[in-house]
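Chains, contacts and geometry: an overview
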There are 2 protein chains.
Amino acid sequence: MVRNWADITCPIQRTATLFADVYTIIILRELMSGSKRFTVLQEAGINPRVLTQRLRNLVNEGVVVRTRFAERPPRVEYALTPKGEALIPVLDALKNFGEKYLSGS
Amino acid sequence: MVRNWADITCPIQRTATLFADVYTIIILRELMSGSKRFTVLQEAGINPRVLTQRLRNLVNEGVVVRTRFAERPPRVEYALTPKGEALIPVLDALKNFGEKYLSGS
DNA sequence: CCGTATCCGAAGGGATACTG
DNA sequence: CAGTATCCCTTCGGATACGG
């Protein structure tokens, strides 16, 4: 029952198809507070295999940018692009709901 | 690397864990415009097996209410609860992003 | 440090048929 | 109409080890 991208006309569904995934959302949450390194993102509770997959997707979609710093040792940082920052309202909405309805237990 | 619910303290992650799923979001989108019947939701592109799973979850979480009407033939309708309506800002944010960044192609 | 490769069991989900 | 049951293939993802 899955559709082709071109067949998805609803903007809600398009966005959800690309980003409605727990690991993706955790990454975006981490990057909201500034750029982060691979290892730091891992510590948020994502194993390297899954983290690589999600980051690749985010970079491909243009919401995250990967920057290599030519240092010794080399350093890599992931950060939100302006397009990525446009997803912050989604995270804010998730936060508002969670705070209001999912605080207990 | 998956956590127990009690270990998830971040409200963003809590909300995402429960609802960040494409089919769930499609259902919520459909219910935004009023209560819908099972068959109608199916026509949004969700097979009955998956639809049942997602609806059960939504009802368990208290964001959707299932109502049986004692008619002939019996009718069942699914609708957002007030808690479910509190998720509308999430859908709005997804919509805004999609309209701005995912319109082409 | 930043990934990639492999293994492998678990879960997901499409199709279809069937029941109250 | 509103689901449930079954089959079966695909994907996911955790763990671990390894490579540039």
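Keep in mind that what you see is a predicted model, and the values were worked out from it rather than measured. (Residues numbered from 1 in each chain as written. Chains lettered and ligands numbered in written order. Predicted model: local features only at pLDDT ≥ 70, side-chain atom pairs only at ≥ 80, totals over all residues. Heavy atoms only, no water.)

**Brief notes about the interface of chain B and chain A**
The condition is simple: Whether two residues are in contact is decided by their heavy atoms: any pair within 4.5 Å suffices. Buried area counts how much accessible surface, traced with a 1.4 Å probe, disappears from two parts once they are put together, with both parts' losses summed. Counted as a polar contact is a pair of N or O atoms within 3.5 Å, where, for protein atoms, one must be capable of donating a hydrogen and the other of accepting one, and residues adjacent in sequence contribute only when both atoms are in side chains. In this text, helices come from DSSP runs of H or I with a minimum length of four residues, and strands from runs of E with a minimum of two, each type numbered from the N-terminal end.
Taken together, the contact between chain B and chain A spans 45 residues of the former and 45 residues of the latter. Summing both partners gives a buried area of about 3700 Å² for chain B against chain A, and 72% of it is carried by carbon and sulfur. It is Ile-12, Phe-97 and Leu-102 of chain B in chain B that bury the most area against chain A; as a group they hold 18% of the surface buried on that side. Between the two partners, chain B and chain A, sit 12 residue pairs in polar contact (both at pLDDT 80 or more). Mapped onto the side of chain B that touches chain A, the elements with two or more residues apiece are helix H1 (11-19), helix H2 (22-32), helix H5 (82-85) and helix H6 (88-101) of chain B. For the side of chain B that touches chain A, the element with the most residues is H6 of chain B, which contributes 10 residues.

**What about the relation of the copies chain B and chain A?**
As a reminder of what qualifies: In superposing the copies, a least-squares fit is computed on C-alpha atoms, taking residues whose pLDDT is at least 70 in both.
Of the transformation superimposing chain B on chain A, the axial component is 0.0 Å and the angular component is 180°, with the fit at an RMSD of 0.0 Å. Here the transformation between the copies is reduced to the relation of a two-fold axis. Minimal C-alpha distance to the rotation axis in chain B is attained by Ala-20 of chain B, lying at 2.4 Å. A share of 100% of interface residues in chain B that are also interface residues in chain A marks the association as one of identical surfaces.

**Quick look at the protein's contact with DNA strand D**
Let me state the cut-off plainly: Near is defined per residue: the residue qualifies when any heavy atom it owns lies within 4 Å of the molecule or strand.
Taken together, 17 residues sit near DNA strand D, with Arg-49 and Arg-54 of chain A together with Thr-52, Arg-66 and Tyr-78 of chain B positioned nearest. A breakdown of the atoms of DNA strand D within 4 Å of the protein gives sugar and phosphate a share of 70%. With respect to DNA strand D, the backbone of Val-76 of chain B contributes an N or O atom lying 3.2 Å from a phosphate oxygen. Considering every element that reaches the surface near DNA strand D, the biggest residue donor is helix H4 (residues 48-60) of chain B, with 4 residues.

Read these as geometric descriptors, not functional statements.
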